[in-house]
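Survey of secondary and tertiary structure
So the chains spell out like this:
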Amino acid sequence: YSAYSGYAHLGAGLTVGMSSLAAGLAIGIVGDAGVRANAQQPRLFVGMILILIFAEALGLYGLIVGLVVASTAEGKGKNLCSPYA
């Protein structure tokens, strides 16, 4: 298991984690504000759903990028550094 693969997998994991965290935060904020606004004006429901869909797309894009980074790490980075021993 090379250092290149390790850092690539770390980067892929951080990408997925941070994008999912951002998507969850956006969905939470929009959901809270949307439910309160929907109680006052029911015609705002469609706009709220559209914003929720765009916020969910953030998480999906992060997942796709993480999968691409993790899949390209296999087999690369071998013999980049020589061992000390």
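Before reading on, note that the structure itself is shown above.
Small disclaimer: the values here were computed from a predicted structure and weren't measured.

This brings us to the overall build of the protein. Looking only at helices and strands, the protein features two helices and zero strands. Within the protein, the fraction of its 85 residues that count as buried is 18%. Carbon and sulfur atoms make up 71% of the accessible area of the protein, which amounts to about 6400 Å² in all.

Attention shifts here to the packing of helix H1 (residues 3-40) against helix H2 (residues 45-72). Packing of H1 against H2 brings their axes to within 8 Å, and their N-to-C directions diverge by 175°. As judged from the angle between their axes, H1 and H2 are roughly antiparallel. Split into classes, the residues belonging to the contact of H1 with H2 amount to 18 nonpolar, nine polar and one charged.

This brings us to H2. In this model, H2 (28 residues) spans 41 Å end to end at C-alpha, consistent with the 40 Å of a helix rising 1.5 Å per residue. On its buried face, H2 is in contact with H1.

On the surface, a cluster of nonpolar side chains totalling about 590 Å² of accessible area is made up of Phe45, Val46, Ile49, Leu50, Ile53 and Phe54. Within the secondary structure, isoleucine 49 is located in helix H2. Accessibility expressed as a relative area gives 31% for isoleucine 49, which makes it partly exposed.

Mapping serine 19 onto the fold places it in helix H1. A polar contact of 3.0 Å, which involves the side chain of serine 19, links it to the backbone oxygen of threonine 15. With residues near it in sequence (within four places) discarded, serine 19 still touches Leu58, Gly59, Gly62 and Leu63.

Glancing now at the environment of alanine 73. Within the element layout of this structure, alanine 73 appears in the segment after H2. Of the residues examined, alanine 73 reaches a relative accessible area of 1% and is grouped as buried. Residues alanine 73 and tyrosine 7 lie 66 residues apart in sequence; the distance between their C-alpha atoms is 8.9 Å.

What counts, and where the lines are drawn
- Residues numbered from 1 in each chain as written.
- Predicted model: local features only at pLDDT ≥ 70, side-chain atom pairs only at ≥ 80, totals over all residues.
- Heavy atoms only, no water.
- Helix = DSSP H or I, 4+ residues; strand = E, 2+ residues; numbered from the N terminus.
- Buried < 20%, exposed > 50% of the residue type's maximum accessible area, 1.4 Å probe, protein only.
- Areas by Shrake-Rupley, 256 points an atom, 1.4 Å probe, with all protein chains shown as cover.
- Axes fitted to C-alpha atoms, helices over the stretch in contact; angles between N-to-C directions.
- Parallel < 35°, antiparallel > 145°, perpendicular 65-115°, else oblique.
- Nonpolar A, V, L, I, M, F, W, Y, C, P; charged D, E, K, R; others polar.
- Expected span 1.5 Å × (residues − 1).
- Contact = heavy atoms within 4.5 Å.
- Patch = residues over 30% accessible without salt bridge, like charges linked within 9 Å, V, L, I, M, F, W, Y side chains within 5 Å.
- Salt bridge = Lys/Arg side-chain N within 4 Å of Asp/Glu carboxyl O.
- Polar contact = N/O pair within 3.5 Å; in protein donor to acceptor, adjacent residues only side chain to side chain.

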